[in-house]
Amino acid sequence: MRTKIQNIFLALFAILMMVWLFPGTALASESGETSNVSWTVEDNVIKVTLRENADTTCIDKVDVAALPEGYDKVVFEPGFTGVGVEAFKQSTFKEVNLPDTITYIGEGAFSYCAALKDISLPKSVTTIGIKAFQICTSLESVVIQGDVTEIPQEAFKGCQSLSSVILPDGLSSIGREAFKTCTALTTVSLPDDLTTIGYGAFGNCSGLTQMDIPSSVTTIDTYAFANCTGLTSLYIHPTVTTLNKSVFKGCKGLEELTLPFKFKATLSDYEIPEGTHITYIDCPHENIVKTPTEEYLKSAATCSSPAIYYYECTDCESKCDYTYTYGETLPHTKTKDISDKYLKAAA
């Protein structure tokens, strides 16, 4: 009898040790359900299915809270249509796979998910809520594929590890502080349909070194690139009609800036760092002067023509397409040259 009890005790002890040392293996057959979902654990991955009698097709915080802890990855099967408000807030998942039936990501849906490393939003997604991925400090890459037209306010704010972002064609607006303090971001490819870069959209992105702004952009709001200390050059197309205050505040590394001439009159508003070389485009060149220096030389004088120089525009401080002659032709001097080009008649 004592031996039988001892054997039972040893068996229970062994199970407890497995749970403690190998939780994924010990709980391989774990399963459960809520009123809306059912889930199982297979190969250390949680798989979640929508129940037939579910009250909603949205993944909500109650469903996520019911999932077991200790697993890195969760997969949602097709049938779910959205991710609810703060559904995954502060969850410990490193990877979340969403089905191609998802059409929207709710406000703060993945905010403060410190362990989340990467996420690919399915093509079916058309709407992303404000602060959807705010302060996901481990998030390294984001792929947005669907018909998303706006990256909303603070969507990826404070994602300090984010180094790769793929934005979809058709995106028209990047909202207020959408990528603020994404310090690992070095370059962003902006789609050709983009029209608005919002207030502080890329503020404090100190790692950003390159930004190609498409000609479709018409509005760049206040502090859009403030404190982007790694940014060395920027080209603003003439199609931009609104350039708000302090856009370049704190951009200490900015060496070259190309601006439409219409913004020269309000240049002090943009807080461009001292020492930045500014080139103006689309200037009407109404005030021009002759500056016969090497910088403005088009062609040197010859024995048949004087030197030709470009006019300098005093408005944009650059050379114009207009030219003028200056000085005299070079004098003829006799030289002995027996090359073919001076041959009058062959021997």
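Since this is a predicted model, take the numbers as computed values, not measurements. (Residues numbered from 1 in each chain as written. Predicted model: local features only at pLDDT ≥ 70, side-chain atom pairs only at ≥ 80, totals over all residues. Heavy atoms only, no water.)

J.: Hey, could you run me through the nonpolar core in this one?
T.: Burial of nonpolar side chains together is a common tendency in soluble globular proteins. One finds Phe-88, Phe-110, Phe-156, Phe-179, Phe-202, Phe-225 and Phe-248 to be the most contacted residues of the largest nonpolar core, which totals 89 residues. By residue number, the principal contributor to this core is strand 25 (residues 307-313), which donates four residues. Residue contacts for Phe-248: discarding those within four places in its chain leaves Leu-234, Ile-236, Leu-243, Leu-254, Leu-257, Tyr-270, Glu-271, Ile-272 and Pro-273. (Core = buried A, V, L, I, M, F, W, Y, C linked by side-chain atoms within 4.5 Å. Buried < 20%, exposed > 50% of the residue type's maximum accessible area, 1.4 Å probe, protein only. Helix = DSSP H or I, 4+ residues; strand = E, 2+ residues; numbered from the N terminus. Contact = heavy atoms within 4.5 Å.)

J.: How should the side chain of Thr-291 be read in this particular structure?
T.: Relative to the elements of secondary structure, Thr-291 occurs in the loop between strand 23 (288-289) and strand 24 (297-299). With a relative accessible area of 17%, Thr-291 lands in the buried category. Among the polar contacts made by the side chain of Thr-291, one reaches the side chain of Glu-312 at a distance of 2.6 Å. Filtering out sequence-adjacent residues up to four positions away, Thr-291 remains in contact with Tyr-296, Tyr-309, Glu-312 and Tyr-324. (Polar contact = N/O pair within 3.5 Å; in protein donor to acceptor, adjacent residues only side chain to side chain.)

J.: Honestly, the pattern of salt bridges in this entry has me stumped. Any pointers?
T.: When charged atoms on two side chains of opposite charge get close, those side chains can pair. Overall, the coordinates contain eight salt bridges when judged by the stated rule. One salt bridge connects Arg-51 with Glu-33, and the closest N-O pair in it is separated by 3.7 Å. Here Glu-33 lies in strand 1 (residues 31-33) and Arg-51 lies in the loop between strand 3 (45-50) and strand 4 (58-59), a separation of 18 residues in the sequence. You can call Arg-51 partly exposed: its relative accessible area is 25%. A relative accessible area of 53% places Glu-33 in the exposed class. Taking the shortest distance from any N to any O, the salt bridge between Glu-95 and Lys-73 comes out at 3.8 Å. Of this pair, Glu-95 sits in strand 7 (residues 95-97) while Lys-73 sits in strand 5 (residues 73-76); the two residues are 22 residues apart in sequence, bridging distant segments of the chain. Several salt bridges converge on common partners, so that one network encompasses Lys-61, Glu-86 and Lys-89. (Salt bridge = Lys/Arg side-chain N within 4 Å of Asp/Glu carboxyl O.)

J.: What's the story with unusual backbone geometry in this structure? I'm lost.
T.: Across the chain, the bulk of peptide bonds are trans and the bulk of non-glycine residues have phi less than zero. Positive phi, normally seen in glycine, also occurs at Tyr-112, with a value near 60°. On the basis of relative accessible area, Tyr-112 is assigned to the partly exposed category, the value being 38%. The backbone phi angle of Lys-131 is positive, close to 60°, even though this residue is not glycine. Here Lys-131 is to be found in the loop between strand 10 (127-128) and strand 11 (141-144).

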